[in-house]
Amino acid sequence: MAVVLDALASYLQDMLLEMAKEEVHLLLGVPDEIKKMGMKLRDLKRFLADADKRNISDQSVKSWVRELRNAMYDATNILDLCQLKAMEQGRSCDMGCFNPLLFCMRNPLHAHVIGNRIKSLNERLDDIEKRSKTFNFINLASYEDNTKKVESSLRTRRETTGEDELGVVGEKIEEDTRNLVDLLTKKDKNVHEHKNVMVYAIVGVGGIGKTTLAKKIFNHDFVKQEFQKRIWLSVNQEFSDVDLLERAITEAQGNHQAPRNTKAALERTLKEALKDCKTLLVMDDVWDHHAWESVLKTPLLSILAQGSCVLITTRHDMVAKGMMAEVPYHHVNKLEQEDVWSLLKKQVVGNENNDEPKVDALKDIGTSIIAKCDGLPLAVKVIGGLLRQKNIRRSDWKNVLNDSTWPVSQMPEELNYAVYLSYQDLNPELQSCFLHYALLPKNTVFWYDRIVAMWIGEGFVHGNSQDLEVLGKEYYDQLIARNLLEPDQGYIDQTVCNMHDVVRSFAQYLTRDEALIAHKTEPGHTNNINPQNVIRLSLKSKESESNELEWSSLQAHISLRTLILVGETKINPGDSLSSFPCLRTLHIQDGNFDALSESLVQLKHLRYLCLHGTNTSRLPKKIAKMKFLQCIDLRNCKRMVKLPGGIGKLRQLRYLSLFNSGINNIPRGFGSLTNLRILLGFPAHVEGDWCSLEELGPLNQLTRLLIHGLENVSSSSFAIKARLGEKVCLSYVYLQCTSSSGGAHRLVKQEEQQHIEKVFDELCPPPCLETLAIKGYFGQRFPRWMTSTAVVSLGCLRILFMEDLPYCTELPDGLFQLPSLELLQIISAPGIKRVGPEFLLPHHHEHPSALENFGSDLKIQVAGCPSLERISNLPKLQDLGIIGCPELQVLEGLPALHRLTLEDYDMKTLPGYLQDVNPRDLHVDCDISLLASIAEGESGPEWDKFSHIKQVKAYADDDDNNIERKWYVKDTIDPFSFKTNVSPSADASGDETEEVLLDKVEQV
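One structure accompanies this document, and this report is about it. (Residues numbered from 1 in each chain as written. Predicted model: local features only at pLDDT ≥ 70, side-chain atom pairs only at ≥ 80, totals over all residues. Heavy atoms only, no water.)

**A short note on the overall build of the protein**
If you tally the helices and strands in the protein, you get 33 helices and 34 strands. Every one of the 1004 residues in the protein was classed for burial, and the buried ones make up 55%. Intrachain contacts of the protein at a sequence separation of at least 6 include 62% that bridge at least 24 residues. Here the protein displays about 42900 Å² of accessible surface, and carbon together with sulfur accounts for 48% of that area. (Helix = DSSP H or I, 4+ residues; strand = E, 2+ residues; numbered from the N terminus. Buried < 20%, exposed > 50% of the residue type's maximum accessible area, 1.4 Å probe, protein only. Contact = heavy atoms within 4.5 Å. Areas by Shrake-Rupley, 256 points an atom, 1.4 Å probe, with all protein chains shown as cover.)

**Quick look at the packing of helix α24 (residues 428-437) against helix α26 (residues 468-481)**
Look at α24 against α26: their axes get within 10 Å of each other, and the N-to-C directions meet at 75°. When the axes of α24 and α26 are compared, the pair comes out roughly perpendicular. Of α26, the residues touching α24 (which contributes Glu429, Leu430, Cys433 and Phe434) are Tyr475, Gln478 and Leu479. Residue composition of the contact of α24 with α26, by class: 5 nonpolar, 1 polar and 1 charged. (Axes fitted to C-alpha atoms, helices over the stretch in contact; angles between N-to-C directions. Parallel < 35°, antiparallel > 145°, perpendicular 65-115°, else oblique. Nonpolar A, V, L, I, M, F, W, Y, C, P; charged D, E, K, R; others polar.)

**Notes on helix α11 (residues 210-218)**
Within α11, 8 of the 9 residues are buried, which leaves the element mostly enclosed by the surrounding structure. When α11 is considered as a whole, its buried residues turn out to be Lys210, Thr211, Thr212, Leu213, Ala214, Lys215, Ile217 and Phe218.

**Some words on the nonpolar core**
The biggest cluster of nonpolar side chains holds 134 residues, and the ones touching the most others in it are Leu586, Leu693 and Ile882. For this core, the element with the highest residue contribution is helix α31 (residues 928-934), accounting for 5 residues. Setting aside anything within four residues of it in sequence, one finds Ile882 in contact with Val862, Ile871, Leu888, Leu891, Leu900, Thr901, Leu902, Glu903 and Tyr913. (Core = buried A, V, L, I, M, F, W, Y, C linked by side-chain atoms within 4.5 Å.)

**Quick word on helix α27 (residues 501-510)**
Buried residues dominate α27, accounting for 10 of its 10 residues. Along α27, the positions that sit buried rather than exposed are Asp501, Val502, Val503, Arg504, Ser505, Phe506, Ala507, Gln508, Tyr509 and Leu510.

**A word on the sheet that holds strand β5 (residues 330-331)**
Sheets are built from strands paired through backbone hydrogen bonds, the pairs being either parallel or antiparallel. Spatial strand order, β2-β3-β4-β1-β5: 5 strands in an open sheet with parallel pairing. In the strand order of this sheet, the two ends are held by β2 (229-234) and β5, each with one partner. Where strand β1 (residues 197-203) lies against strand β4 (residues 308-314), 7 bridges are found, and the strand directions are parallel. Pairing of Tyr200 across the sheet is with Leu311, part of β4. Each of β1, β2, β3 (279-284) and β4 is contacted by helix α15 (residues 290-301), which is oriented at about 170° to β3, the strand it contacts most. (Pairing = 2+ DSSP bridges.)

**Structural notes on the sheet that holds strand β25 (residues 834-835)**
Judged by pairing direction, the sheet is parallel, and its 3 strands sit side by side in the order β25-β27-β29 without closing on themselves. Strands at the two margins of the open sheet, each flanked by one partner only, are β25 and β29 (890-892). Sheet topology note: the strand β27 (residues 870-872)/β29 ladder contains 3 bridges and is parallel. Bridge pairing in β29 links Ile871 to Leu891.

**Re the packing of aromatic side chains**
By the definition in use, this model includes 11 aromatic pairs. Between Phe218 and Trp232 the ring centres are 5.5 Å apart and the planes differ by 75°, which places this aromatic pair in the edge-to-face class. Of this pair, Phe218 sits in helix α11 while Trp232 sits in strand β2, placing them 14 residues apart in sequence. Judged by relative accessible area, which is 15%, Trp232 ranks as buried. A ring pair is formed by Tyr777 and Phe782, whose centres lie 6.1 Å apart and whose planes are at 25°; its orientation type is stacked. Pair check on accessibility: Tyr777 and Phe782 agree, each one buried. Taken together, Phe760, Tyr777 and Phe782 form an aromatic cluster joined through their ring pairs. Across the ring face of Tyr509, the terminal group of Arg512 is positioned such that the distance to the ring centre comes to 4.1 Å. In this structure, Arg704 is placed above the aromatic ring of Tyr732, and the distance from its NZ or CZ to the ring centre is 4.1 Å. (Phe/Tyr/Trp six-rings, centres within 6.5 Å; stacked < 30°, edge-to-face > 60°. Lys NZ or Arg CZ within 6 Å of the ring centre and 35° of its normal.)

Below is the structure:
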């Protein structure tokens, strides 16, 4: 079920609507059959949701679902071929539009063949619909009601899970409880005195312990003392207004004899029970903000005493936002490793304390097992339950560690429930996107725009062609908001995500009937299910594997629509792509492909083509025949040096990445690709009186653009022809000069510097720009559109990234004109001596409001700036990162600083400027010698520099054993805590060698 039937039916209906606009039914001579197909789909669609749901566990439904799915897949292929043949007739058609009468006259045989195929398909659909009656499917409306009944039956077990977790989730829950109790009881009396009722939110993925934390808060002694009345309501998805009000009255000890015949009567009773009472209302497991906004807020807001609070637990930031909860929301963090181990032991040992020493002896394997849980209590409980069925032996635990299939094959009921409710809450298209994400190999980076391109190619994102990328990004963001995807903190702006193993296992379980996922390529692994039933195939092989995957072993999978291969594949003479006539998505990464390149033209339905890091040196000369191609990704294809001349005829192309490939020129006529939305790695080059930048002029649909080789542009007049300022959809621009990349700067003459300045002056982006990156720029001054005198204001700019600036001595003085700026990164700028004055208005006394409103959430990172001396005058700066800036002496005028990160493995002592700032958190990465000095605490030489900071975390690596951040010091002021695993006897003077020093430190 890698595709959701309901979503596939919607996509197919969209295809029929598009064809109706072009009068395709007249072209085929079978208008009644086309209409019949549409009507049949509408009839089937009424109960497809129920069929999808029952297909998960009802074996009798599976074959029917497979047959219907295959029929709909065949329908998409038939309609594709019809459009393809039409597009191939003459040059009058554009973007799939064609003249039906002309086509019919030229192709009577083809029209007849297609018409017969549609008639045959309708007969199949007739038979499928008749047999559906034996399954007693319910229609969509009654399905919605039935869902609520099913979920209601599970609620009791769900609501009791919190008690079972109490006392086993470690020290973190105690810290979180203290912080939230302080917030609710308002120890800081100046906080939000203007509101009677404050709303706070606890947000986290299902099973992570939100209810546990809320119950500890609810039962805390301080809370009992502070609030006259405490109400606990488990809301869940199936709440009704009346039921919620009745339970609130019961919890509030209201008048049970009062009339309850109307909602208004219930509201009056609740008001009477809570009038002028300082109340804590906990709303657990909220899925819809209307539970508060439309049901409880109206009767409670005006009658509760000042200081009353509402505390909600929810999986979705969107719910907290809808309830106007105070920000930041409290996100429940994953468990620390020792807490996870304790929880696992409790699950394995239970009350049999005699077994605890035996389990402790297996801690090394257990640590690897729980690494898969990623700090999620539910996942730990599931894996612990499995281990409880095994012998406490090293061999048995190793088998569990090395067996990646057990959670998929067994699908424990608890695991099913934990993720299943979140899954069922998604719309069909979003369900398809979620399931598709589980196909992507773990530990392989997939940028969000590439994922969205896959979803578009698969038909999961469909509708208005102008907005597909926007809609796809919304789907991506929704999966993050629902905690089904987890942003990788190593990448800014949530551009890369991970999927937790528990969630991935659930998704792969649902896709098991049509998707084959093997990320440990082993002989025979691809033969576990009937190859002809496999619609989506995802394989990843390890570099160390001696047995390479044979391309020929894949060719039995003739029904494939998606093929994802990461790693080496053995291709023999005669191998081709002809065995996969239905492919829509082809993703080959870090493997062999060159021998198959020419056979790409056989893939008539292909939408998405990625050859990331392969050895391919060419695309097919007849690439123009691949009319449906929407995405081509040639990232890291070093041997690819030339694009085929026909690429400009791919009028449906939306995404093209040449980033870090060998392509340094593009063919003339490239500008005809007016449907392009994303263009990465575009090479700037000049041939006589023509420059490739001219080809960018007509591409007005671009949203993301990366240009490299700008040092090759011989005249600024060429840059004008790119017309960047006219591209009103452009949100991301990356401008790069490549001659000085890597920091090995050649000596650039002043004339060259002035020339590149003029070129960049003419590359002014539009006001809607959100992200700007400049790399390798060798001018002395920044472009004029970044200065205080700029005509165009970049008021929407959120992220500004500048790297490798060998000759700039000052930052652009127009930074004060960027009110939306969230992140500023400055990397490898040897001439920059100060950061801060650029954010001040030239005459700030004339415009005080602009200065006050700037940068309330600003984060600045500076790295590799050896001349940087001062960071100052940034009153709204909250997060500052400093990496490798040894001459920095002054930090001042940073009153709002919350977090300071300092990384320098060469510094011998903490910088003195720490005493001039007062961040809430200090994070230090240093060498073991300095860490040992910090670890001396009050008696050490570093204490006075950081003792005033509320929370300090300092780390050092174990270089000998290649363990990052093995050694640590953790200091907290309130409540006081000082922890370290560095021996107090270690000599921090630096006179002792690191090898000797490491012998003295102990891990506690």
